[in-house]
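Each chain is listed here by its residues.
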Amino acid sequence: MAEPLLEISGLTKSYGGVTVLDHVDLTVDAGEVRALLGENGAGKSTLIKILSGVVSRDEGDVRLAGARVDITNAHDARDIGIATLHQEVAIVPGLSVAENIMLGHRSDDTVRTSTLGVVRWREIRRRSRELLAELGQDLDVDMDADRLSPVGKTMTAIARALSQNARVLVLDEPTAALTDQETNQLFSAMDRLRSRGVAIIYVSHRLEEVVRVCSTYTVLRNGAKVVEGAIADVNIDSIITAMAGRPVDTIFPPRSGTPGSVALEVRQLSGRRVRELDLDVRAGEIVGIAGLAGSGRSEIMRMLAGAQRHRGGRISVAVDGEGSPLRASDGVARRQRAGVALVPQERRADGVLPDSIEHNINVSTLRRHTVLRWVTSRARLNGHADALHRSLDIRSRGISQQVLTLSGGNQQKVVLARFWALAPRVLLLDEPTRGVDVGTKSEIYALVRARAAEGTAVLVVSSELPELIGLCDRVIVMHEGRSVGEFDARTTNEDELLNACYGRGRQ
Amino acid sequence: MNGTTTTPATTTGSGGFDMSRIRPYLGPLALVVMVGFFGALYPDTFLTKSNLVDNILQQVTALAIVASVQTVVMVVGEFDLSVGGLAALATGFAATILNTATIEGVPKEAGSLVFAVFLCVLAGLIGGAINGALVSYLGVLAFIATLAMNEVYKNLARYRVEGKPVYGLVENNFVAVAQGRTLGVPNTIYIAFVIAAIVWFVLDRTTLGRQMYAVGGNPDAARYSGVNIKLVKWTAFAICGVGAALGGLMQSAYNATANTTAPEPWMLKSIAAVFLGMALMRNGRPNLPGTILGVVLFRTLENGLNKTDINNYLQDVINWLAVVLAVLPPAIARIRENR
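Quick caveat, the model's predicted, so the values are computed rather than measured.

Summing up its helical and strand segments, chain B has 14 helices and two strands in all. Relative to its length of 339 residues, chain B is compact, with a C-alpha radius of gyration of 22 Å against a globular reference of 20 Å. Across its three principal axes, chain B shows a C-alpha extent of roughly 80 × 60 × 40 Å. Taking as baseline every contact in chain B between residues at least 6 positions apart, the subset at least 24 positions apart corresponds to 74%.

Here it is, written out as structure tokens:
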């Protein structure tokens, strides 16, 4: 049997006594796409960081085409042909696509990028076009790379990897920012790479995609490899069971109770990317919003929450059955007082504060835990944070622990706790489980359902259709700023929703 | 190449060395070592009450006030380069009310002290509010906004006093309070302590302080949590303006002279003090105890070096190299954390 292109054996890494990778073996052949799977904290990111030279290993070997390689820093990784694309693709804004592709390229036999230090622009443009063509892309290479679509940026980054003769490509959640259509583009580019003999390690929480695009898989749990094999031999349920270490019989909580009176009433709402939207959400009901990225789904949430102005229409929140209209000029704080709370989409960017769990949980409700109106009461702050910490089952050493040292799933719970504290009548969740492991996802679904059962009207935006179908009572589909259909979550399916997302209506 | 010499195959974890646990003790330890070192070298001139209290602590009281309010601005993630200009402006105006002779030298009746202090605080508040409005509501970068306004405030002050120091501020107990002592300790130390304590209280024990840390930590997250980030930032700058004015006023009372050039070093020194405090305490966030420690540390080194035969310019070289040295370990630790 031929030697695998990339062979990792006995890879071990620990931080301050905590073993995050424990003698992990992994191989990838040329032309193979191997899924690297596991819950948050399973060791995937550490493995990737070691391959890309960001983190140093404690023990173990990395072999490339049979030869042992030392990866001490990012330059080494590039030189031996391992390229890593992170979820947020590294693009240099202000430089053209061509410059971004040829960034860090050294003159070699095939391409001379400069003559005596003077840049050969024509050569750079020609070569970038060539590389993009290999990926089936036809981008304007003179365009500012920052103006590219998310998939354009991904393609630019892949082309850069190719220009550096990458033989192993590590893709870390590459589809997180992509629409389904863009995801298809990426997958066909990956097919071209496979036929060129590039080995790909594919990391994603989206198991439907993994099944579509990968040929083999490796599951890590608590830093150790638990199972590997061919994708053809498994199904999603068994992968989830392997990742979680226990059978996940019910990821989604049972639907409960009958919805009450209308809590949120939206009429003819218009604004950036949203046109004439009508929407009712009843107390105790969970309504999902589906749609491609850019369809206006997140904008609805932001307008309802007061984070973005709406130009027309009416939003009212019912208090004891009596609807009271909200003013268009309201900011986030006013809307929160009116009973509307939004858990924002990007946890890192818009969610966590680089501070303790207690600080994070209490930031939205500081006024409640004061003496003399302005002076905070430590005991009350701690008591409040403790209670939420317990009821959301946040796994940590205590409320004084720094949030950034928690796993992604627990960080998300901390952010949820902050908005739970507001006890909103209308709860808006934008991608509530992005980058969260399966076990925690299931816990979050249960928490959301429990919230609804207490009489909160819940609106959920998600790009994962199974999540909307499993969690919600009704799903509304947005297409180019308009609501194009409403579906009963109990009877609809992914195909139906997907068609509606593309504006093809009911079948 | 970045010159790192890590050998991956043999590197073990970071062992039992936990930077965050020993960090709170580093600053006091450095202070003790420094006092011990200079005390051993110069027991007669360094280790005396008059040197430690009057030459070290008293000398930094005004800077301590300014650095305290600089901390507030840095907590919200900005900085204020105009503290010197604000202090000059506020004291320039106050002094021309309190002086017993006009700028031209014609004797005059000194004005009301209460009115002078009120005017000084008002000038600081308005100046700080303008800075805050520029940065927070109009979106100008703090660097250029406060740098330019520093020149504006400073030259308005010079215009007011015609570029000369204002002498003769001895009426109305103005100077007597600042130069006086209570229980053998200069009054300025009490004043600085009280102002620092108020700032600490605001940052640590009020909803405003919590919101300031939230804004400085992650403005977008703070906004989605219902914090009015513009108002919070604006307030920080306004507080900074008032504090800078009070610092300047106290300094000119102590010197019995309002000099528009005296507050100039405060811009750099106050920011350096906050950075020292960030390096020494509380996970690298700006914090009041750290800032005060930074101010005292810097002054102690300065004073100790003053006793040596080292060339004056080289003394400053050492002082500022020490600042760089102090902020290095946390910076390196941050890089290490990710390896």
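Picking up after the structure, the text goes on.
Attention shifts here to the nonpolar core. In this structure, L37, L169, M190 and Y202 of chain A are the most contacted members of the largest nonpolar core, which totals 50 residues. Top element by residues in this core is helix 5 (residues 150-163) of chain A. It accounts for seven residues. Apart from the residues lying within four places of it in its own chain, the contact partners of L169 of chain A are A83, L85, I158, A161, L193, V198, A199, I200 and I201 of chain A. Of all hydrophobic cores here, the second largest spans 48 residues; its members include A67, V83, A192 and C240 of chain B.

All right, on to the interface of chain A and chain B then. Contacts between the two partners involve 46 residues from chain A, matched on the other side by 36 residues from chain B. Surface buried jointly by chain A and chain B totals about 3300 Å² across both partners, of which 50% is contributed by carbon and sulfur atoms. Seen at the junction of chain A and chain B, the total is three salt bridges. The partner of R285 of chain B in a salt bridge is D355 of chain A, and the shortest N-O contact between them spans 3.3 Å. At the surface where chain A touches chain B, the tally comes to 14 residue pairs in polar contact (both at pLDDT 80 or more). Of all the secondary-structure elements, those providing two or more residues to the side of chain A that touches chain B are strand 1 (6-15), helix 10 (332-337), helix 11 (347-351), helix 12 (357-362), strand 20 (375-376), helix 13 (378-391) and helix 14 (408-420) of chain A.

Residues and elements named next belong to chain A. Tracing the backbone through its elements, the reader meets N493 in the loop between strand 24 (482-488) and helix 17 (494-501). When its relative accessible area of 40% is taken as the criterion, N493 is described as partly exposed. The sequence separation of N493 and V168 amounts to 325 residues, and the corresponding C-alpha distance is 37 Å. Only 2.8 Å separates the side chain of N493 from the backbone nitrogen of E496, close enough to count as a polar contact.

Our next topic: unusual backbone geometry. Residue and element names in this part refer to chain A. The residue H23 is not glycine, and still its phi comes out positive at about 45°. Topologically, H23 is positioned in strand 2 (residues 18-28). Phi is positive for A423, which is not a glycine, with a value near 45°. Assignment of secondary structure puts A423 in the loop between helix 14 and strand 21 (426-430).

All names here are of chain A. If you check the domain split of chain A, you get domain 1 (6-244) and domain 2 (262-501). Of note, the centres of domain 1 and domain 2, computed from C-alpha atoms alone, are 33 Å apart. In this complex, domain 1 contributes 10 residues to the contact, which on the side of domain 2 involves 14 residues. Carbon and sulfur atoms make up 55% of the surface buried where domain 1 meets domain 2, a total of about 1100 Å² over both sides. Our count for the contact surface shared by domain 1 and domain 2 stands at zero salt bridges. At the boundary of domain 1 and domain 2, one finds zero residue pairs in polar contact (both at pLDDT 80 or more).

Our next topic: empty space enclosed by the protein. Residues and elements named next belong to chain A. Going through the model one piece at a time under the given rule, you end up with one cavity of 30 Å³ or more. Looking at the largest cavity, its volume works out to about 90 Å³. Both domains that furnish three or more residues to the lining of the largest cavity are identified here as domain 1 (6-244) and domain 2 (262-501).

The next thing to look at is helix 4 (residues 83-98) of chain B. Taking 1.5 Å per residue as the helical rise, helix 4 of chain B with its 16 residues ought to reach 22 Å, and the 22 Å between its terminal C-alpha atoms agrees with that figure. Buried residues dominate helix 4 of chain B, accounting for 15 of its 16 residues.

Remark: a regular strand shows side chains that alternate across the two faces of the sheet. Residue and element names in this part refer to chain A. The buried fraction of strand 9 (residues 168-172) is high, at five of five residues. Across the two faces of strand 9 the burial is the same, with V168, V170 and D172 and L169 and L171 all buried. Here strand 6 (residues 82-85) runs beside strand 9; their pairing, made up of four bridges, is parallel. Note on strand 9: the bridge partner recorded for T84 is V170. Across five bridges, the pairing between strand 9 and strand 10 (residues 199-203) is parallel. Bridging across to strand 10, V170 finds its partner in I201. Once the chain exits strand 9 it traverses helix 6 (residues 180-195) before rejoining the sheet at strand 10, and the crossover so formed is right-handed.

Cut-off values and rules
Residues numbered from 1 in each chain as written. Chains lettered and ligands numbered in written order. Predicted model: local features only at pLDDT ≥ 70, side-chain atom pairs only at ≥ 80, totals over all residues. Heavy atoms only, no water. Helix = DSSP H or I, 4+ residues; strand = E, 2+ residues; numbered from the N terminus. Rg over C-alpha atoms; globule rule 2.2 N^0.38 Å. Contact = heavy atoms within 4.5 Å. Core = buried A, V, L, I, M, F, W, Y, C linked by side-chain atoms within 4.5 Å. Buried < 20%, exposed > 50% of the residue type's maximum accessible area, 1.4 Å probe, protein only. Buried area = accessible area lost by both parts, 1.4 Å probe. Salt bridge = Lys/Arg side-chain N within 4 Å of Asp/Glu carboxyl O. Polar contact = N/O pair within 3.5 Å; in protein donor to acceptor, adjacent residues only side chain to side chain. Domains from an automatic or database assignment. 1 Å grid on protein atoms, 1.4 Å probe; cavity = no way out; pocket = protein on both sides within 12 Å on 5 of 7 lines; lining within 4 Å. Points joined across faces, edges and corners; volume = space filled by probe spheres on them. Expected span 1.5 Å × (residues − 1). Pairing = 2+ DSSP bridges. Right-handed = clockwise from strand over helix to strand, strands pointing away.

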